[in-house]
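# Close look at the chain arrangement
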Amino acid sequence: MDYIDPHIHMVSRVTDDYETLAKMGCRAVSEPAFWAGFDRGSVDGFRDYFRQLTEFEPKRAGWYGIQHYTWLCINAKEAENVKLSREVIAMIPEFLGRPGVLGIGEIGLNKNTRNESTVFLEHLDLAAKSNEQILIHTPHLEDKYKGTRMILDMLCDDRRIDRGRVLVDHVEEHTIRPVLEAGFWAGMTLYPVSKCTPQRAVDMVEMYGAERLLVNSAGDWGPSKPTAVPDFILAMRLRGHSESLIRQVVYENPLKFFRQSRGFQFTP
Amino acid sequence: MPIPLTAPQVLDREFLELRAKLLELAAGLDRIDRASGDIETDPRLGQIEQALEVLSGGEPDRAERVQMIFSLAFDAKWRETFELRQRG
């Protein structure tokens with residue numbers, strides 16, 4: 001089945017992974033900017049990273065017929081450095097008009113601190129002023145519920161934000177309801193240990209319906225599986241769900257969400 | 001949205017997996033017991049005990065309730081604490 005992985009960090013993966021994804025039906029990926037495993041020291045470090053995301057990575061994906069899209073930001077883990085964050089936010093507009101750039105992301109919270117919240121709000125301001133879509137990272141483990149509620153507070157308090165153009169990612173059983181009820185898109189991330197398994201993601205489709213729901217691998221440099229979306233497809237089939245419902249979640253929903261971005265030029 | 005499978009079908013399909021996960025849990029708790037050192041005051045132990053109570057109860061939404069046991073509390077007045085000013 002054709003599918004789209006709406007959240008995967010391909011800069012951390014080898015070229016063989018692109019080939020495997022293509023063989024499994026992946027037609028497009030979207031890659032949010034994230035933490036590299038170490039804190040970068042300067043705005044030029046981010047400028048080079050954004051060049052990799054907008055220049056080289058689409059080319060590498062294209063070798064296997066996969067369309068590559070991206071999101072730009074300074075992630076929450078590096079947002080404790082507010083001065084550097086502001087320099088990066090000021091530099092992002094250099095890249096916003098480039099082909100394949102879908103918006104601002106993945107912004108969010110990590111340990112739910114004041115500095116992280118400040119930088120999150122400044123990213124929101126940039127997105128609102130430049131009419132960009134937004135992709136949001138929610139925290140891990142014990143911080144997730146608190147951080148997700150804080151993020152929803154900040155989003156809902158900004159009247160400029162169109163909730164139908166915002167994806168709140170890494171939802172789990174205790175955070176999916178408030179995200180969907182507030183009118184945002186929700187993303188389920190399939191990880192081997194933390195976050196969500198394919199079976200639990202199927203449970204959430206059954207409990208909340210497929211509307212505004214996405215599923216992704218968030219494959220990166222840590223324990224993760226870039227072919228997790230096909231695992232979800234298999235879990236849906238084994239549970240007896242129709243091909244049309246599966247296709248809605250893994251292909252049509254990402255298209256519907258991404259098509260709201262002027263940087264999304266998709267060739268089926 | 002209804003689950004296409006019946007409850008007996010789900011149980012047939014998942015019984016061995018659930019059994020295996022329960023045994024992993026039991027063995028993990030035994031391992032803690034056999035190891036030296038004092039963890040009686042470790043709050044994580046209490047969280048595990050609370051989660052086990054949720055599993056043994058008959059109420060629905062077990063996964064959501066277990067998630068909340070392992071979650072930090074949310075303070076609705078967090079913005080006042082942080083003295084944050086929203087732009088939009």
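Residues numbered from 1 in each chain as written. Chains lettered and ligands numbered in written order. Predicted model: local features only at pLDDT ≥ 70, side-chain atom pairs only at ≥ 80, totals over all residues.

## Overview of the confidence of the model for chain B
All names here are of chain B. Note the cut-off: Values of pLDDT, ranging from 0 to 100, describe the predictor's confidence in every residue of the model. Each helix corresponds to a stretch of at least 4 residues labelled H or I by DSSP, and each strand to a stretch of at least 2 residues labelled E; elements are numbered beginning at the N terminus.
The pLDDT averaged across chain B works out to 95; a share of 100% of its residues lies at or above 70. Mean pLDDT in chain B bottoms out at helix α4 (residues 78–82), which sits at 95, and peaks at helix α3 (residues 62–69), which reaches 98. Scored as a whole, the predicted complex attains pTM 0.97, and scored at its interfaces, ipTM 0.94.

## Here's the deal with helix α9 (residues 228–238) of chain A
All names here are of chain A. Short version of the rule: For every residue, the other C-beta atoms within 10 Å of its own C-beta are counted; 20 or more classify it as buried, 12 or fewer as exposed, and values in between as partly exposed. C-beta atoms are placed from the backbone. It is the C-beta atoms, placed from the backbone, that decide contacts: two residues are in contact if theirs lie within 7 Å.
Turning to α9, its buried residues number three or more, namely Ala228, Val229, Pro230, Phe232, Ile233, Ala235 and Met236. Tucked into the core, α9 has its buried residues touching β1 (3–5), α8 (198–208), β8 (213–216) and α10 (243–258). Positioned one or two residues after α9, glycine 240 has a phi angle of 95 degrees, which is positive.

## A closer look at the interface of chain B and chain A
Which entries qualify depends on this criterion: Three classes are used, and their members are as follows: Ala, Val, Leu, Ile, Met, Phe, Trp, Tyr, Cys and Pro are nonpolar, Asp, Glu, Lys and Arg are charged, and the others, Gly among them, are polar.
The interface is formed by 20 residues belonging to chain B together with 30 residues belonging to chain A. Breaking the side of chain B that touches chain A down by element, the ones donating at least two residues are α3 and α4 of chain B. No other element matches α3 of chain B, which puts four residues into the side of chain B that touches chain A. Partitioned by chemical class, the residues of the side of chain B that touches chain A number 13 nonpolar, four polar and three charged.

## With respect to the pairing of strand β2 (residues 26–32) of chain A
For a regular strand, the rule is simple: side chains alternate between the two faces of the sheet. Residues and elements named next belong to chain A. The cut-off we apply is this: Pairs of strands are assigned from DSSP output, requiring at least two bridges between the strands. Here a crossover is taken to be right-handed if, once the strands point away from the viewer, the path from the first strand over the helix to the second is traced clockwise.
Most of β2 sits out of view: six of its seven residues are buried. The pairing of β1 with β2 spans three bridges and is classified as parallel. Paired with aspartate 5 across the bridge in β2 is valine 29. Chirality of the crossover, the property in question, places the unit of β1, helix α1 (residues 15–23) and β2 among those that are right-handed. As judged from the five bridges shared by β2 and strand β3 (residues 67–72), these two strands associate in the parallel manner. Paired with serine 30 across the strands is tyrosine 69, a residue of β3.

## Things to note about unusual backbone geometry
Backbone torsion omega between glycine 105 of chain A and glutamate 106 of chain A reads -10 degrees, so that peptide bond is classified as cis. Topologically, glutamate 106 of chain A is positioned in strand β4 (residues 101–108). One non-glycine residue, arginine 212 of chain A, lies in positive phi territory at about 55 degrees. The topology assignment puts arginine 212 of chain A in the loop between α8 and β8. A count of 20 C-beta atoms within 10 Å places arginine 212 of chain A in the buried class. Positive phi outside glycine occurs at glutamate 83 of chain B, with the angle close to 55 degrees. With 7 C-beta atoms packed within 10 Å, glutamate 83 of chain B lands in the exposed category.

## Considering the environment of leucine 109 of chain A
All names here are of chain A. Residue placement: leucine 109 occurs in the loop between β4 and α5 (114–130). You can call leucine 109 buried: it has 25 C-beta atoms within 10 Å. The spatial distance from the C-alpha of leucine 109 to the C-alpha of arginine 159 is 20 Å, given a sequence separation of 50 residues. In this structure, leucine 109 is in contact with Ala76, Glu116, Ser117, Phe120, Pro139, Gly147, Met150 and Ile151, ignoring residues within four places of it in sequence.

## Side note on the sheet that holds β8 of chain A
All names here are of chain A. Stated precisely, the cut-off is as follows: Between N-to-C directions, angles cover 0 to 180 degrees, with each direction set by a line fitted to C-alpha atoms, over the stretch in contact for helices.
Strand order in this open sheet of eight strands is β1-β2-β3-β4-β5-β6-β7-β8, and the pairing throughout is parallel. Looking at strand neighbours, the two that pair on one side only are β1 and β8, the edges of this open sheet. Each adjacent strand pair in this sheet contributes to an overall mean axis angle of 25 degrees, direction not counted. Where α10 meets the sheet, it contacts β1, β2, β3, β4, β6 (166–168), β7 (185–189) and β8, and its direction lies at approximately 115 degrees from that of β8.

## Observations concerning the nonpolar core
Put simply, the rule is: Each nonpolar core reported here comprises buried Ala, Val, Leu, Ile, Met, Phe, Trp, Tyr and Cys residues connected via C-beta atoms within 7 Å.
Counting residues in hydrophobic clusters, the biggest one holds 77 residues, and the most contacted among them are Val168, Ala201, Val215, Phe232 and Val250 of chain A. Sequence-distant contacts of phenylalanine 232 of chain A, that is, excluding residues within four places in its chain, are made with Leu190, Pro198, Ala201 and Val215 of chain A.

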